[in-house]
Amino acid sequence: MVNNRNQEGMPEGTTRTVGRDAQRMNIAVAYAVGSAVRTTLGPKGMDKMLVSDLGDVIITNDGATILEEMNLEHPAGKLVVEVAKAQDKEVGDGTTTAAAIAGDLLKNASELLDQNIHASTIVKGYKMASQKAVSLLPEIAEKISIQDEENLNKIAAVSLGSKSAGVGNSKEFLAKLVVDAITMVAEESNGTIEVDTDQIKLEKKDGGSTGNTSLIKGIVIDKEMVHSGMPKNIKDAKVLLMDVALEIDKPETDAKIEITSPSQLSAFLKQEEEMLKEMVEKIEKSGANVLFCQKGIDDVAQHFLAKKNISAVRRVKKSDLEKLSKATGAKIITSFDDIAETDLGLAGNVNEKKIGGEAMIFVENCLNPKSVTLFIRGGSEHVVNEVERAIKDAIGSVTSAVEVGYYVSGGGSTEIEIAERLRLYARETGGREQLAIEAFAKSLEIIPKTLAESAGMDLIDTVVSLRAKHNENLKWHGVDVYEGKITDMKALGIIEPMKTKRQAISSASEAAEMILRIDDVIASKVKPQMPSGMPDY
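Note that the structure is a prediction, hence the values are computed from the model and not measured.

### With respect to the layout of surface pockets
Counted as a void, the largest pocket has a volume near 730 Å³. What lines the largest pocket is a set of 42 residues, among which Pro43, Val158, Ser159, Ser162 and Ile494 lie closest to the centre. The biggest single contributor to the lining of the largest pocket is helix H6 (residues 149-161), with seven residues. Its residues placed into classes, the lining of the largest pocket shows 14 nonpolar, 18 polar and ten charged. Empty space within the second largest pocket amounts to approximately 490 Å³. Residue lining of the second largest pocket: 21 residues in total, with Asp88, Lys89, Gly92, Lys392 and Asp393 positioned closest to the centre.

### Some thoughts on the confidence of the model for the protein
Within the protein, residue pLDDT values average 84, and 88% of them lie at 70 or more. The weakest mean pLDDT in the protein belongs to helix H7 (residues 165-168) at 60; the strongest belongs to helix H14 (residues 433-444) at 94. Low pLDDT, under 50, characterises residues 1-5; the predicted model gives this stretch six contacts beyond four residues in sequence or across chains.

### Quick notes on a negative patch on the surface
Together, Asp53, Asp56, Glu68, Glu69 and Asp88 give the surface a local cluster of negative charge. Looking at where Asp53 falls in the secondary structure, it is placed in the loop between strand E2 (48-51) and strand E3 (57-60).

### A few points about helix H4 (residues 95-114)
Helix length check: H4, at 20 residues, gives a terminal C-alpha distance of 29 Å against a target of 28 Å (1.5 Å per residue), a fit within 8%. Burial within H4 is extensive, with 17 of its 20 residues counted as buried. Two residues or fewer after H4 comes Asn116, characterised by a positive phi angle close to 65°.

### Focus on the pairing of strand E19 (residues 485-488)
Strand direction decides the pairing type here: strand E18 (residues 477-480) and E19, joined by four bridges, are antiparallel. Paired with Gly478 across the bridge in E19 is Thr487. Joining the antiparallel neighbours E18 and E19 is a turn of four residues, in which Gly484 adopts a positive phi near 70°.

### Focus: the side chain of Ser311
Along the polypeptide, Ser311 turns up in strand E12 (residues 311-313). Classification of Ser311 by relative accessible area gives buried; the value is 0%. A distance of 2.6 Å separates a polar side-chain atom of Ser311 from the backbone oxygen of Pro231.

### Thoughts on the sheet that holds strand E17 (residues 406-409)
One open sheet accounts for three strands, arranged E4-E17-E20; its pairing is antiparallel. Every interior strand has two partners, whereas the edge strands, strand E4 (142-143) and strand E20 (495-497), have only one. As paired elements, E4 and E17 share two bridges and run antiparallel to each other. Each residue of the ladder has a partner; that of Glu142, found in E17, is Tyr407.

### Details of empty space enclosed by the protein
For the coordinates displayed, the defined rule picks out one cavity of 30 Å³ or more. Estimated volume of the largest cavity: approximately 40 Å³. Around the largest cavity sit Thr97, Ile101, Thr414, Glu415, Ile418, Lys501, Ala504 and Ile505, which together line it. For the lining of the largest cavity, the elements supplying multiple residues, two or more each, are H4, helix H13 (413-429) and helix H18 (498-516). Its residues assigned to classes, the lining of the largest cavity comprises four nonpolar, two polar and two charged.

### So, the sheet that holds strand E7 (residues 200-206)
A sheet is described by the order of its strands in space; here three strands give the open sequence E7-E16-E8, paired in mixed fashion. Single-partner strands in this sheet number two, and they are E7 and strand E8 (214-216). Pairs of neighbouring strands in the sheet enclose a mean axial angle of 25°, with direction left out of account. The pairing of E7 with strand E16 (residues 372-378) spans seven bridges and is classified as parallel. When the sheet's bridge partners are listed, Lys204 is paired in E16 with Ile376.

### Structural notes on the environment of Ala439
Here Ala439 lies in helix H14. For the pair Ala439 and Asp104, spaced 335 residues apart in sequence, the C-alpha separation works out to 9.2 Å. Those residues in contact with Ala439, other than ones at most four positions away along the chain, are Asn108, Leu112 and Tyr126.

### Brief notes about the packing of aromatic side chains
Under the defined criterion, the tally for this structure stands at two aromatic pairs. Residues Tyr126 and Phe440 carry aromatic rings whose centres are separated by 5.6 Å and whose planes lie at 75° to one another, so their mutual orientation is edge-to-face. Pair noted here: Tyr126 is in helix H5 (residues 119-140) and Phe440 is in helix H14, with a separation of 314 residues, a long-range link. Residue class for Tyr126 comes out buried when judged on its relative accessible area of 0%. On the basis of an interplanar angle of 85° and a centroid distance of 5.4 Å, the ring pair of Phe362 and Phe375 is categorised as edge-to-face. Of the two residues, Phe362 is situated in strand E15 (residues 358-364) and Phe375 in strand E16; the sequence distance between them amounts to 13 residues.

Quick notes on the rules
Residues numbered from 1 in each chain as written. Predicted model: local features only at pLDDT ≥ 70, side-chain atom pairs only at ≥ 80, totals over all residues. Heavy atoms only, no water. 1 Å grid on protein atoms, 1.4 Å probe; cavity = no way out; pocket = protein on both sides within 12 Å on 5 of 7 lines; lining within 4 Å. Points joined across faces, edges and corners; volume = space filled by probe spheres on them. Helix = DSSP H or I, 4+ residues; strand = E, 2+ residues; numbered from the N terminus. Nonpolar A, V, L, I, M, F, W, Y, C, P; charged D, E, K, R; others polar. pLDDT = per-residue confidence, 0-100. Contact = heavy atoms within 4.5 Å. Patch = residues over 30% accessible without salt bridge, like charges linked within 9 Å, V, L, I, M, F, W, Y side chains within 5 Å. Areas by Shrake-Rupley, 256 points an atom, 1.4 Å probe, with all protein chains shown as cover. Salt bridge = Lys/Arg side-chain N within 4 Å of Asp/Glu carboxyl O. Lys, Arg positive; Asp, Glu negative; His and termini not counted. Charge placed at Lys NZ, Arg CZ, Asp CG, Glu CD. Expected span 1.5 Å × (residues − 1). Buried < 20%, exposed > 50% of the residue type's maximum accessible area, 1.4 Å probe, protein only. Pairing = 2+ DSSP bridges. Polar contact = N/O pair within 3.5 Å; in protein donor to acceptor, adjacent residues only side chain to side chain. Axes fitted to C-alpha atoms, helices over the stretch in contact; angles between N-to-C directions. Phe/Tyr/Trp six-rings, centres within 6.5 Å; stacked < 30°, edge-to-face > 60°.

Rendered as structure tokens:
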């Protein structure tokens, strides 16, 4: 009998790393992942080119996209990716910040482990520091509301400015579009502002320039009218939305219809035609002149609709139909017997336009749209995709600022201020945890250090100058990457939502604590994949 188990009783091929070696390996991997995205931070950050195994190319400096596309195998690296995903899901921006802080927390923890400080002590200190940092944020933050358009524009511009040159050059223009879109879809509930970002549809088409990007007070649908004889430009549109087919349902049972003469066939077809005609007449009677149908529209029905001057679009996605309902105020109809004039929605214009050689339907100038479209343009597919990623981040930033109601200054000023206050807290705490809290404070300084590095500034001089300024109670002072100096960030309009910082600090700390608790890594041998077409015995 063959024994396929090693000395520890595990299956052959299983590797086990224990104690300090396991910690060293996990920390090294997580730090490497954090360092990989760190250089993309800020308006002077560098881009990454990611090439998939299929040869697809992505050029971006969006932290979440980079980490997602890196296809990491190591579990510790995957934990850092989870941090970025959580940040992206919760806030929509600040993924690079979160990953960079997580990596540096682990690097500094490694130095404490080398001084024989137990991992549990470091974890306890990090937890205390994280909780203190989060509680300090409201003290240094300023209030903001949805009416404060000027500051919301600044927040959006800062988020957009950290992206590639194609986006950064148009940041003020794009920022205004983002803020206008959020203002339109925002709704007040019990004294708080809620923004359903799903109601801001991002439709993209390469061609033109980033400056051709526009905000449509309505919905853009990547479809065309079903019949060439239908009107292509409709003013004062009365919109009908249907979740039912304009077709004759074929019976699902094995029923047979016996037709023995041409006259019977003619009568059968005539009856089908009459049924479709009746459906179209019900639509006409409601007063609708534009129809969006989630299901199919029969060729005969298309002909009747065109004769009645009713424009129709078929196979519209359910999500688009729901957005059209929010934009126009129309109700989605599920039966022809239920069609009434009160169910129709209104739009100033419904136009079929040729964009980049393809027809698209623009439902525009809705009266009070609670669903809008940002129509993104750019010189190439790569540019359009990067603009889309940037706009998503900006939407996340502005939404976070509006919902939480606080903002802080950028340029590393907030991180330095929190770090200085954590050092005071560390001295009050005492014990071995004090060293971990100080290491946490030092880790936060990776943000201003990275910004200074990308601007070609001296790292030590920058951090020393920043600490001196913040000790003089100049809490808004950070790194001006454009001028390469320390200055007042609030005066420059470099502000960010408090929620971005809060989430980045919390999630980075939790990831570091989780990795530090691991002292044993048991990895099973991966079963090699069989070549395609080979039998798997």
